[in-house]
Amino acid sequence: MFRIKICGVTSLADALAAAAAGADAIGFNFHHGSRRFIDPLKAAAIAESLPPEIVKVGVFVNLPAHEVRQTADAVPLDLVQLHGDETPDYLANLAGFPVMRAFRCGPGCLGSIPQYIGECRTLFSMPRMILFDALVAGAYGGTGQRADWGLAAECRKSGLNAPLVLAGGLTPDNVAEAIRTVRPNAVDSASGVESAPGRKDPARMAAFVEAALAEFARLDRQAGLDPDD
């Protein structure tokens, strides 16, 4: 499990800056329709240069499962993030790969997500984590639009039996409030820590990580947990 993911990384310099800032997961976007698309060969070179403890995540949107498997093996990835319209049957075809299933959430998601997870459980294809993102018509994430934190908080309480990762419009200025409101297991930012699409801003990444870690630590203390455990 990770706590802070910087997604949409397209250069080694940005990846190393994210790791230096304290992020413990890096996301590579393999969706050709994204402004943050990265070629798998380039992602593999970056992944090879990262500290081994950094979780390498690949973002996929509606690709054939065998292509996801090939890319996950070649990079190699620690986690596959499905951010499209993939069905529970699709997850079953990725058996053996840890999956984070992303949901772009609007009205009705409090019923549809538990139903989806229930089907996954029946197929023995439970995702390792669930990511809650903003719903924007015609887009598969990375829009910079803020997710509905109220819905996210209700989703977390609905007994999904999987860690919740909050994404959608998170920035250094609002991530602490988002963590207080939703109480996710982790947070994920792409556009909120950029100077331009696909180009990360080291200062914004550092500020984002600092604010998120401080709020996670406060909640851990409140819950009687040791942040170093």
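## With respect to unusual backbone geometry
Phase 1 of the analysis: In this model, Val75 is joined to Pro76 through a cis peptide bond whose omega is -10 degrees.
Phase 2 of the analysis: Following the sequence through the fold, Pro76 ends up in the loop between helix H3 (65–74) and strand S4 (79–82).
Phase 3 of the analysis: Despite not being glycine, Asn62 shows a phi value in the positive range, around 55 degrees.
Phase 4 of the analysis: Relative to the helices and strands, Asn62 is located in the loop between strand S3 (55–60) and H3.
Phase 5 of the analysis: The class for Asn62 is partly exposed, based on a relative accessible area of 37%.
Phase 6 of the analysis: At Arg183, a position not held by glycine, the phi torsion is positive, near 55 degrees.
Phase 7 of the analysis: Looking at Arg183, the relative accessible area reads 38%, which means it is partly exposed.

## Looking at the packing of aromatic side chains
Phase 1 of the analysis: Taken as a whole, this structure holds three aromatic pairs when the rule is applied.
Phase 2 of the analysis: An angle of 85 degrees between the planes, with centres 5.2 Å apart, marks the rings of Phe103 and Tyr116 as edge-to-face. On the criterion of sequence distance, the pair formed by Phe103 in strand S5 (residues 99–105) and Tyr116 in helix H5 (residues 109–122) is long-range, its members being 13 residues apart.
Phase 3 of the analysis: In this structure an aromatic cluster arises from ring pairing among Phe28, Phe30 and Phe60.
Phase 4 of the analysis: The ring of Phe103 has Arg101 sitting right over it, with the charged end atom 5.2 Å from the ring centre.
Phase 5 of the analysis: For Arg146, the ring lying beneath its charged end belongs to Trp149, and the centroid distance is 3.6 Å.

## Some words on the pattern of salt bridges
Phase 1 of the analysis: Evaluated as defined, the whole model comprises eight salt bridges.
Phase 2 of the analysis: Each of Arg36, Glu194 and Lys200 takes part in salt bridges that share partners, so that together they form one network.

## Section: the pairing of strand S2 (residues 25–29)
Phase 1 of the analysis: With five of five residues buried, S2 is to be regarded as a mostly interior element.
Phase 2 of the analysis: Because side chains alternate across S2, one face comprises the buried residues Ala25, Gly27 and Asn29, and the other comprises Ile26 and Phe28, equally buried.
Phase 3 of the analysis: Each parallel crossover has a hand, and the one from strand S1 (residues 4–6) via helix H1 (residues 12–21) to S2 is right-handed.
Phase 4 of the analysis: Pairing of S2 with S3, which is carried by five bridges, proceeds in the parallel orientation. If you follow Asn29 over to S3, its bridge partner there is Val59.

## Some points on the environment of Ala44
Phase 1 of the analysis: Along the chain, Ala44 falls in helix H2 (residues 40–49).
Phase 2 of the analysis: With a relative accessible area of 17%, Ala44 lands in the buried category.
Phase 3 of the analysis: Residues Ala44 and Leu77, spaced 33 residues apart in sequence, show a C-alpha to C-alpha distance of 8.7 Å.
Phase 4 of the analysis: When neighbours within four sequence positions are excluded, Ala44 is seen to be in contact with Ala74 and Val75.

## Some details on helix H8 (residues 202–222)
Phase 1 of the analysis: With 21 residues, H8 extends 30 Å from end C-alpha to end C-alpha; this agrees with the ideal 30 Å at 1.5 Å per step.
Phase 2 of the analysis: Elements that come into contact with the buried residues of H8 comprise S1, H1, helix H7 (175–182), strand S8 (186–189) and strand S10 (199–200).
Phase 3 of the analysis: The N-terminus of H8 is capped by Asp201, whose side-chain oxygen sits 2.9 Å from the backbone nitrogen of Ala203.
Phase 4 of the analysis: A positive backbone phi angle near 80 degrees is found at Gly224, which sits one or two residues after H8.

## So, the packing of H5 against helix H6 (residues 149–156)
Phase 1 of the analysis: At a minimum axis separation of 10 Å, H5 and H6 run at an interaxial angle of 35 degrees. Crossing angle aside, the handedness with which H5 passes H6 is right-handed. Between H5, through Cys109, Leu110 and Ile113, and H6, the contact on the second element is made entirely by Leu151, Glu154 and Cys155.
Phase 2 of the analysis: Among the residues forming the contact of H5 with H6, the class breakdown is five nonpolar, no polar and one charged.

## Examining the nonpolar core
Phase 1 of the analysis: If you look at the biggest cluster of nonpolar residues, it comprises 61 residues, and the most contacted ones within it are Phe28, Val80, Phe132, Leu166 and Val187.
Phase 2 of the analysis: Residues within four places of Phe132 in sequence aside, it is in contact with Phe103, Cys105, Cys109, Ala147, Asp148, Leu151, Ala152, Cys155, Leu164, Val165, Leu166 and Ala167.
Phase 3 of the analysis: With 12 residues, the next largest nonpolar core counts Val55, Val57, Met129 and Leu131 among its residues.

Thresholds applied
- Residues numbered from 1 in each chain as written.
- Predicted model: local features only at pLDDT ≥ 70, side-chain atom pairs only at ≥ 80, totals over all residues.
- Heavy atoms only, no water.
- Helix = DSSP H or I, 4+ residues; strand = E, 2+ residues; numbered from the N terminus.
- Buried < 20%, exposed > 50% of the residue type's maximum accessible area, 1.4 Å probe, protein only.
- Phe/Tyr/Trp six-rings, centres within 6.5 Å; stacked < 30°, edge-to-face > 60°.
- Lys NZ or Arg CZ within 6 Å of the ring centre and 35° of its normal.
- Salt bridge = Lys/Arg side-chain N within 4 Å of Asp/Glu carboxyl O.
- Right-handed = clockwise from strand over helix to strand, strands pointing away.
- Pairing = 2+ DSSP bridges.
- Contact = heavy atoms within 4.5 Å.
- Expected span 1.5 Å × (residues − 1).
- Polar contact = N/O pair within 3.5 Å; in protein donor to acceptor, adjacent residues only side chain to side chain.
- Axes fitted to C-alpha atoms, helices over the stretch in contact; angles between N-to-C directions.
- Left-handed = near helix turned anticlockwise from the far one by under 90°.
- Nonpolar A, V, L, I, M, F, W, Y, C, P; charged D, E, K, R; others polar.
- Core = buried A, V, L, I, M, F, W, Y, C linked by side-chain atoms within 4.5 Å.

Nothing here speaks to function; it is all geometry.
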